[in-house]
Structures are given as C-alpha cells and as structure tokens.
Amino acid sequence: MSNNILAGKVGIISGALNEESIAWKVALKAHAEGARFVLTNAPLAMRMGEINKLSEQCNAPIIPADATSMEDLEKLFSGAQEHLGGKLDFVLHSIGMSANIRKGKHYGELNYEWYQKTLDVSALSFHKMLAVAEKQDAFNEWASVVALSYIAAQRAFLDYTDMSQAKAVLESIARSYGQRLGKLKKVRVNTISQSPTKTTAGTGISGFDAFYEYADRLSPLGNAPAEACADYCVSLFSDLTRYVTMQNLMHDGGFSTTGISEEIVELITKSNS
C-alpha cells in the first residue's frame, strides 16, 4: 500500500543490478511512493545487469557513471538536475565491489592494488558523490542521503576481508559529511547496516549460506529482507525522519544486540549430543 510519502521528491538511485538488488527494490518502492529519480550504475555493471527493465518500470532515465570518476559524477549530478527539473531531495549509494573477495583471497594475502580499488569503489565513491553534490549545490534543504553498510564495519567476519574496512570508511564519511552538509543546508546523511541479504554481491561471499542461516537464527525477528530495507530507505528519504542524521542504523532483526538465541543453543546442544 502506498502512502505517497515521497510525492514531489526527486533524486538519484545507484547500484540497481537486477531484481535481487536492494537498490532495485528501493527504486520500485520510491516510485510507488510518488518519487521521480534517475538511475545510475557503472557501465560494466549495466552490461551485466537488467537496469533497462527497471528504467521502464519506474519511468526513470539512466545516466551511466563510474562512481570513482569525478568527471562522471559531475555529469551524473548535473544531468539528474536537468532531467528532474531542479535540485535533489534524496540519493541512494548502493555501491560495493571487492576483487579480493571475488578471487577468494584470504585476509592475510590480499592484493593491495585490488584493496585500494575496493576502498575507492565501495567507500571513497561516497565522498566523491557528496563532494560533487556540494560543489554543484545540488541538494534541496532537508534532502536525505543513504548509503548501505554492513555490521562487518564494527565486527570481524570471516571472508568479508577488505570490504570490512571499506564499510568502516563509508560509515565514517557519513558522519563527517553529515555534519558538514547538515550545517550547510540541513541535509541528512545516514548509513543502513542491513542483514545478510541474498543479493548477487552477498551470495558471492564464501560461506554466505551458513552465515545467513546463523544470523536468521540469532536475530529475534529473523533476517530483514531486501523489501523491508527498501521501506526503511524510503522512510529516510521522507520528511518523517527530518532530524535523523550521521547515524549508522541497524536494520538486522535485532542481530547486532543479541548475544545468543534459543535456536543457537538448541543447535549447539544437538550437535554436541
């Protein structure tokens, strides 16, 4: 059911690869709630994905952009404002990539050139987006920026390797730029730390299925699905959360604050017996 809470709002949604993507579901939800927006992704990701289908569903144009390129981002933000007819009310950063994870590199044997690329694509791109938006004065007052993070920014998780540092940097950028943009123009900047989610990126991590089940059994509410994360993003884009900023918001069914659950105790007891 739509409540039209984004009626009249315009923005940019990045990172929609296919129907499993959280960004894809955010776009559908934002469209249903009355928003207009531009879709963007890297040219390579666009060739691999199905973004044209989403563009048609949401009547949203696509502006390709390499999020590590300041030139591309300048064209993205200026093009979005031109198409949408004014300054922006929201931006979703849903961008992440690790060649070290894709190639199965353990934490002690990381390729450092790939490591730097992980940081650039997955975290510094967020700073670059915000820097370009600031220089272009691209935001309306009370605009909202959301980036997708993960609890590995605070805790050690096997096989998440260099993405752990990327998410930590991402969250730090949200705090620092949230302070800056809040003072300059009352713009909110937050990150959402989402449950393990069965996206193309998530399932590419070694041992994902086992951890997904573990998190689901530990969380009192179970893992938060991608559709619920989309709802949360839309709430942060809306005027209902005007004074929420510089936060890393846990959207994980209670996983982050649960020590142990009855399901995990039963599983261990059964295994030991």
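Residues numbered from 1 in each chain as written. Predicted model: local features only at pLDDT ≥ 70, side-chain atom pairs only at ≥ 80, totals over all residues. Heavy atoms only, no water.

Asks: How should the overall build of the protein chain be read in this particular structure?
Replies: Of regular secondary structure, the protein chain possesses ten helices and six strands. Dimensions of the protein chain, computed from the C-alpha atoms along their principal axes, are close to 65 × 45 × 40 Å. At a minimum sequence separation of 6, the contacts of the protein chain that also span at least 24 residues come to 76%. When the accessible surface of the protein chain is summed, it comes to about 13100 Å², and 52% of that surface belongs to carbon and sulfur atoms. Each charge class in the protein chain can be summarised by its mean position, and for the 26 positive and 30 negative side chains these summaries are 5 Å apart. (Helix = DSSP H or I, 4+ residues; strand = E, 2+ residues; numbered from the N terminus. Contact = heavy atoms within 4.5 Å. Areas by Shrake-Rupley, 256 points an atom, 1.4 Å probe, with all protein chains shown as cover. Lys, Arg positive; Asp, Glu negative; His and termini not counted. Charge placed at Lys NZ, Arg CZ, Asp CG, Glu CD.)

Asks: Is there a simple way to think about unusual backbone geometry in this case?
Replies: Negative phi values dominate among residues other than glycine, just as trans dominates among peptide bonds. Even without being a glycine, Asn 4 presents a positive backbone phi close to 60 degrees. Mapped onto the secondary structure, Asn 4 falls in the segment before strand 1 (10-14). Non-glycine residue Asn 59 carries a positive phi angle of around 50 degrees. Residue placement: Asn 59 occurs in the loop between helix 3 (51-58) and helix 4 (70-84).

Asks: How should empty space enclosed by the protein be read in this particular structure?
Replies: In this approach the atoms are scanned with a rolling probe the size of a water molecule, which exposes any empty space left behind. Tallied over the entire structure, the rule returns one cavity of 30 Å³ or more. Estimates place the volume of the largest cavity at around 40 Å³. Residue lining of the largest cavity: Tyr 150, Ile 151, Ser 193, Gln 194, Ser 195, Pro 196, Phe 211, Met 250, Asp 252 and Phe 255, and that is the complete set. For the lining of the largest cavity, a count of residues per class yields six nonpolar, three polar and one charged. (1 Å grid on protein atoms, 1.4 Å probe; cavity = no way out; pocket = protein on both sides within 12 Å on 5 of 7 lines; lining within 4 Å. Points joined across faces, edges and corners; volume = space filled by probe spheres on them. Nonpolar A, V, L, I, M, F, W, Y, C, P; charged D, E, K, R; others polar.)

Asks: Looking at this structure, how should I read the side chain of Lys 128?
Replies: One can find Lys 128 in helix 6 (residues 112-135). Excluding residues within four positions of it along the chain, Lys 128 makes contact with Ala 67, Thr 68, Met 70, Leu 73 and Asp 120.

Asks: What am I meant to see in the pairing of strand 3 (residues 88-93) here?
Replies: Put simply, side chains in a regular strand alternate between the two faces of the sheet. Most of strand 3 sits out of view: six of its six residues are buried. Direction of pairing for strand 3 relative to strand 4 (residues 139-149): parallel, over a ladder of five bridges. Directly across from Val 91, in strand 4, lies its bridge partner Val 145. (Buried < 20%, exposed > 50% of the residue type's maximum accessible area, 1.4 Å probe, protein only. Pairing = 2+ DSSP bridges.)

Asks: Just to check I follow, could you spell out helix 8 (residues 208-218) for this structure?
Replies: Because each turn of an α-helix spans 3.6 residues, side chains separated by three or four positions in sequence point in the same direction. Taken as a whole, helix 8 has its buried residues at Phe 208, Phe 211, Ala 215 and Leu 218. What you see down the axis of helix 8 is that its buried residues fit within an arc of 95 degrees, all on one side. Counted as exposed and oriented over 90 degrees from the buried face of helix 8: Asp 209 and Ala 210. Along its buried surface, helix 8 packs onto helix 10 (262-272). (Arc of directions from axis to C-beta.)

Asks: Sorry, what's going on with the sheet that holds strand 3 here?
Replies: The pairing of strands in a sheet happens through backbone hydrogen bonds and is either parallel or antiparallel. Pairing in this open sheet of six strands is parallel, and the strands run 2-1-3-4-5-6 from one edge to the other. Both edges of this open sheet fall to strand 2 (36-40) and strand 6 (248-251), since each of them pairs with a single strand only. Recorded for the sheet is a direction-independent mean angle of 20 degrees between the axes of neighbouring strands. Sheet topology note: the strand 1/strand 3 ladder contains three bridges and is parallel. For Ile 13, the partnering residue across the bridge sits in strand 3 and is Leu 92. (Axes fitted to C-alpha atoms, helices over the stretch in contact; angles between N-to-C directions.)

Asks: What am I meant to see in the packing of helix 4 against helix 6 here?
Replies: It is at 9 Å that the axes of helix 4 and helix 6 come closest, and there the two elements cross at 50 degrees. Considering their axes alone, helix 4 and helix 6 lie oblique with respect to each other. Regarding helix 4 and helix 6, the two cross each other, and that crossing is right-handed. Contacts from Met 70, Leu 73, Glu 74 and Phe 77 of helix 4 reach helix 6 at Ser 125, Lys 128, Met 129, Val 132, Ala 133 and Lys 135. Here the residues of the contact of helix 4 with helix 6 are counted per class, giving six nonpolar, one polar and three charged. (Parallel < 35°, antiparallel > 145°, perpendicular 65-115°, else oblique. Left-handed = near helix turned anticlockwise from the far one by under 90°.)

All quantities given are derived from atomic positions and should not be read as evidence of function.
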